[in-house]
Each structure stands twice: as C-alpha cells, then as structure tokens.
Amino acid sequence: DLLDVSHGMLTPDHSGVPSDPGFMVPDASRIRKEASIPVSVGWLITEPHHAAQILANEQADLIVLARELLRDPYWPYHAAKTLGDAVHETILPVQYARAVQS
C-alpha cells in the first residue's frame, strides 16, 4: 500500500494554496508518521538534492516526478549523475548513450 499525498487544485478558488517546491512534503511526512503508511509526494520537486533530502529525512517513501519527467525523460539518469552515483553509467541503455550528453 502507498498513499499519494497531493493536491488536485480542484476547488473553485485555489489561489491561496502554496505552490513552492515540495509544499506537500510536511503533510506527507505527518501522514507517514502518524498513520504508519508509506507515502509518495511530488509537487515541483525537480532538483535531485531536494528529492534525496526528502527521502533521507524519511519524510516520504517515493518521490513522484510527474511533470519533471515530461520536461526531462532522463531525469533519473541526470539525478544519479548529479548525486555522484557510480551506478548511473550502468542504468543507461547502450542504444541511448548518444542521446544523453554530459
């Protein structure tokens, strides 16, 4: 089981809802701790270090990339490279190596 903590912006007036990166993280963290259920969270989490920090601080169990993957389908590869993960070279299929530049 996994609970996705999100905000659908489905209310008629959502102008007062924050829209800064990771604004749902505090709610996700609280739900995770108080309900003892794994949670996912997203909402403008676009930087690898930000995503890694959320996971390291056990504020969520999964980061939902959503629109960021539309902007950059190689985001996981770029994140691994940015974070210094030595495995990143092995996760890129050989046939796509030319498509991803340093």
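Note that the coordinates shown come from a computational prediction; the quantities given were computed from them, not determined experimentally.

Asks: Any chance you could explain the overall build of the protein chain here in plain terms?
Replies: In terms of helices and strands, the protein chain carries five helices and three strands. Listing the helices and strands of the protein chain from first to last along the sequence gives β-α-β-α-β-α-α-α. When each of the 102 residues of the protein chain is scored for burial, the buried share is 26%. Counting contacts in the protein chain only where the partners sit at least 6 residues apart, residues at least 24 apart contribute 40% of the total. On the protein chain, roughly 7000 Å² of surface is accessible, and the fraction owed to carbon and sulfur atoms is 56%.

Asks: Could you clarify how one ought to interpret the packing of aromatic side chains in this entry?
Replies: Given two aromatic rings, their pairing is described by the distance between the two centres and the angle made by the two planes. In the structure shown here, the tally under the stated rule is one aromatic pair. Considering the side-chain rings of Phe23 and Trp43, the 5.2 Å spacing of their centres and the 90 degrees angle between planes classify their relative orientation as edge-to-face. One end of the pair, Phe23, is in the loop between strand S1 (3–5) and helix H1 (25–35); the other, Trp43, is in the loop between strand S2 (39–41) and helix H2 (48–56), and 20 residues separate them in sequence. Take Phe23: its relative accessible area is 13%, and that puts it in the buried class. By relative accessible area, Trp43 is classed as partly exposed at 23%.

Asks: Explain the pattern of salt bridges here, please?
Replies: It is possible for side chains bearing opposite charge to pair when their charged atoms get close. Scanning the model with the defined rule gives three salt bridges in all. Close ionic contact of Asp61 with Arg32 constitutes a salt bridge, the shortest N to O distance being 3.0 Å. Highlighted residues: Asp61 in the loop between H2 and strand S3 (62–63) and Arg32 in helix H1, separated in sequence by 29 residues. We classify Asp61 as partly exposed; its relative accessible area is 36%. Taking the relative accessible area as the measure of exposure, Arg32 reaches 22% and is therefore partly exposed. One salt bridge in this structure joins Arg71 and Glu68, with 2.7 Å as the shortest N-O distance. With Arg71 and Glu68 both in helix H3 (residues 67–71) and three residues apart, the pair spans about one turn of that helix.

Criteria and cut-off values
- Residues numbered from 1 in each chain as written.
- Predicted model: local features only at pLDDT ≥ 70, side-chain atom pairs only at ≥ 80, totals over all residues.
- Heavy atoms only, no water.
- Helix = DSSP H or I, 4+ residues; strand = E, 2+ residues; numbered from the N terminus.
- Buried < 20%, exposed > 50% of the residue type's maximum accessible area, 1.4 Å probe, protein only.
- Contact = heavy atoms within 4.5 Å.
- Areas by Shrake-Rupley, 256 points an atom, 1.4 Å probe, with all protein chains shown as cover.
- Phe/Tyr/Trp six-rings, centres within 6.5 Å; stacked < 30°, edge-to-face > 60°.
- Salt bridge = Lys/Arg side-chain N within 4 Å of Asp/Glu carboxyl O.

Distances and angles like these do not, on their own, reveal function.
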